[in-house]
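# Structural overview
Listed here are the chains, written in short residue letters.
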Amino acid sequence: VTQSEATQLLEGKKSAAAIREEAADTARRLRASGTIPTLALVLATADESAAWYTRAIVRAGEKVGLDVRVERLADDASPGTVRSAVARLSADDTVHGIIVQTPLPPGVDFVEIAQAIVPEKDVDGANPVSLGRLTAGLPAFAPATAAAVLRLLDDHGVELAGRRAVVVGRSLVVGKPVAMLLLARDATVTICHSRTRDLAARTSEADVLVAAIGRLRMLGAEHVGPGAVVMDVGTTPDENGDLLGDVDADAVMGRAGAVTPVPGGVGPVTTALLLHNTVTAAERASG
Ligand code: NAP
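Throughout what follows, the structure given in this document is the object of discussion. (Residues numbered from 1 in each chain as written. Predicted model: local features only at pLDDT ≥ 70, side-chain atom pairs only at ≥ 80, totals over all residues. Heavy atoms only, no water.)

## So, the packing of helix α1 (residues 13–32) against helix α10 (residues 266–286)
Selection rule: Every axis in this analysis is a line fitted to C-alpha atoms, fitted for helices over the stretch in contact. Angles between the N-to-C directions lie between 0 and 180 degrees. The secondary structure listing takes helices from DSSP runs of H or I that are at least 4 residues long and strands from runs of E that are at least 2 residues long, numbered from the N terminus. Each angle gets one of four labels, with under 35 degrees taken as roughly parallel, over 145 as roughly antiparallel, 65 to 115 as roughly perpendicular, and the rest as oblique. Crossing handedness: left-handed means the near helix sits turned counterclockwise from the far one by under a right angle, and right-handed means the same turn made clockwise. We call two residues contacting when some pair of their heavy atoms lies within 4.5 Å. Any residue that is not Ala, Val, Leu, Ile, Met, Phe, Trp, Tyr, Cys, Pro, Asp, Glu, Lys or Arg is counted as polar, Gly included; the first ten are nonpolar and the last four charged.
Orientation of α1 relative to α10, taken along the N-to-C sense of each, is 25 degrees, at an axis distance of 9 Å. The pairing of α1 with α10 is recorded here as roughly parallel in orientation. Seen from above, α1 lies across α10 with left-handed handedness. Facing S15, A16, I19, R20, E22, A23, T26, A27, R29 and L30 of α1, the residues of α10 in contact are P268, V269, A272, L273, H276, V279, A282, E283 and S286. Of the residues in the contact of α1 with α10, the class split is 11 nonpolar, four polar and four charged.

Right under this line is the structure:
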């Protein structure tokens, strides 16, 4: 066994395809009974990566049988304008899922806006009410990225109950929800952040390490314990514009038990879950 063969690559392609297939089946059934599952995507920026992501969602959505409606607002839209656009979509019976693309115009606060998404349509778990419900063990859509981490772990048979999980990052969209989902699965969870002392000592204790930092290849061999399962959520563009993870995958090869590639790991599962959540929301609304 060579060093790199010892570390399994947790690719997202298969999981994403299975999720899309299930969503497509439900979408077909809904369309046959007169409901067109519809995702509204609010975009108020000319940012290139937001535009790229929007195109990817539109394409993937159409393949699954969803209508994706892009609500393009002005790059300098006011908080009131963005909030009322979201509130209008929340009240629109033909819309089943709503996502708000970042970055938002200067002065427009994401969490403020996300509160205008009704929980039933909050397919990316952006409204803090959704995180609160998850924390309380009540049904809610989890942020798709956080749910994607759990889905990949499950699809690869990684046991969580009683094991040590360390999450680096405490954002509302990734770190906190992923920690809550791991806790709900009986992992013993530690959350690290920029003020954590001796990060490597904390992270190298992990059986399951989740990196949600947004710093190019910040975690190296010293951060990863032998045999650990490493879930890399980070996507940061390098000098060529290629997206790379928080983990230096080359450095942890042969040491980690498994690692998600970037790109091709958590990302594709995230997009697929977003579409699946929208179809689920449409099914609930029509049922
Ligand atoms: P964020 O809001 O910027 O949060 C980053 C977190 O990392 C913060 O909690 C921060 O700590 C922590 N951090 C920063 N520097 C650190 C350091 N030196 N040591 C330890 N912790 C540190 O980012 P985010 O929205 O959670 O996103 C994280 C990454 O995931 C980004 O690369 C983003 O592009 C990516 N992402 C990927 C997907 C996907 O589908 N694959 C989806 C969403 C986001 P403090 O709280 O102390 O500041």
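From this point, things continue past the structure.
## Digging into the sheet that holds strand β6 (residues 188–192)
The test is simple: A pair of strands counts as paired when DSSP detects no fewer than two bridges linking them.
Here six strands make up an open sheet; going across it, the order is β1-β11-β8-β7-β5-β6 and the pairing parallel. A strand with exactly one partner marks an edge of an open sheet, and here the two such strands are β1 (8–9) and β6. Pairing of strand β5 (residues 164–168) with strand β7 (residues 208–211), which is carried by four bridges, proceeds in the parallel orientation. Bridging from a neighbouring strand, V167 pairs with V210 of β7. The sheet contacts of helix α6 (residues 144–155) involve β7 and β8 (229–232), and relative to β8 the element is tilted by about 145 degrees.

## Here we look at the nonpolar core
Condition: As used in this record, nonpolar core signifies buried Ala, Val, Leu, Ile, Met, Phe, Trp, Tyr and Cys residues forming a set joined through side-chain atoms within 4.5 Å. For each residue, the accessible area found with a 1.4 Å probe, counting protein chains only, is set against the maximum for its type, and the residue is called buried under 20%, exposed over 50%, and partly exposed in between.
Ranked by internal contacts, the top residues of the largest apolar core, which has 54 residues, are V149, L153, L182, V208, V210, V229 and M231. When residues in this core are grouped by element, the largest group, nine residues, is from α10. Not counting residues up to four positions away in its chain, the partners in contact with L153 are V158, L160, L182, V208, V229 and M231.

## Comments concerning the pairing of strand β3 (residues 67–72)
Under the convention used in this document: A right-handed crossover is one whose linking path, passing over the helix from the first strand to the second, runs clockwise when the strands point away from the viewer.
When strand β2 (residues 38–43) meets β3, the two strands line up parallel, connected through six bridges. Residue pairing for β3: A40 is matched across the bridge by R69. As a crossover connection, the stretch from β2 through helix α2 (residues 48–64) into β3 is right-handed.

## A few points about the site of the ligand
Heads up, the rule is: Note on terminology: near, applied to a residue and a molecule or strand, indicates that one of the residue's heavy atoms is within 4 Å of it. N or O atoms within 3.5 Å of each other form a polar contact, as long as, within protein, one can give a hydrogen and the other can take it, and as long as residues adjacent in sequence are counted only when both atoms are side-chain atoms.
Surveying the vicinity of the ligand reveals 19 residues, the closest of which are T145, R170, S171, S194 and T235. Taking T145, its side chain carries an N or O atom lying 3.5 Å from an oxygen atom of the ligand. Between T235 and the ligand, the recorded distance is 2.9 Å, taken from a side-chain N or O atom to an oxygen atom. Tallied by class, the residues present in the shell around the ligand amount to seven nonpolar, 10 polar and two charged.

## Regarding the sheet that holds β2
The parallel open sheet is built from three strands, whose spatial order is β3-β2-β4. The open sheet terminates on both sides in strands that have one partner only, identified here as β3 and β4 (97–100). On average, adjacent strands in this sheet sit at an angle of 20 degrees to one another, irrespective of strand direction. Across four bridges, the pairing between β2 and β4 is parallel. Each residue of the ladder has a partner; that of A40, found in β4, is I98. Lying over the sheet, helix α3 (residues 79–91) contacts β2, β3 and β4, oriented at roughly 165 degrees with respect to β4.

## Focus on the layout of surface pockets
Put simply, the rule reads: Here a cavity denotes a set of grid points, spaced 1 Å apart and computed over the protein atoms alone, in which a 1.4 Å probe fits but from which it cannot get out, and a pocket denotes an open set meeting protein on both sides within 12 Å along at least five of seven lines; residues with an atom within 4 Å of a point are reported as lining. Grid points are joined across faces, edges and corners, and a volume is the space filled by probe spheres set on the points.
Space inside the largest pocket adds up to approximately 1600 Å³. Lining the largest pocket are 50 residues, and of these W52, Y53, T145, T235 and T270 lie nearest its centre. Mapped onto the lining of the largest pocket, the elements with two or more residues apiece are α1, α2, β4, α6 and α10. Of the residues forming the lining of the largest pocket, the biggest block, nine residues, is contributed by α2.

## Describing the environment of T35
Examined against the element boundaries, T35 turns out to sit in the loop between α1 and β2. Not counting residues within four places of it along the chain, the set of residues in contact with T35 comprises L30, H96 and S286.

## Some words on the environment of P237
Here P237 shows up in strand β9 (residues 236–237). The spacing of P237 and V259 is 22 residues in sequence and 19 Å in space, taken between C-alpha atoms. In contact with P237, not counting residues within four places along its chain, are L216, D242 and L243.

Remember that the coordinates give geometry; whether it matters functionally is a separate question.
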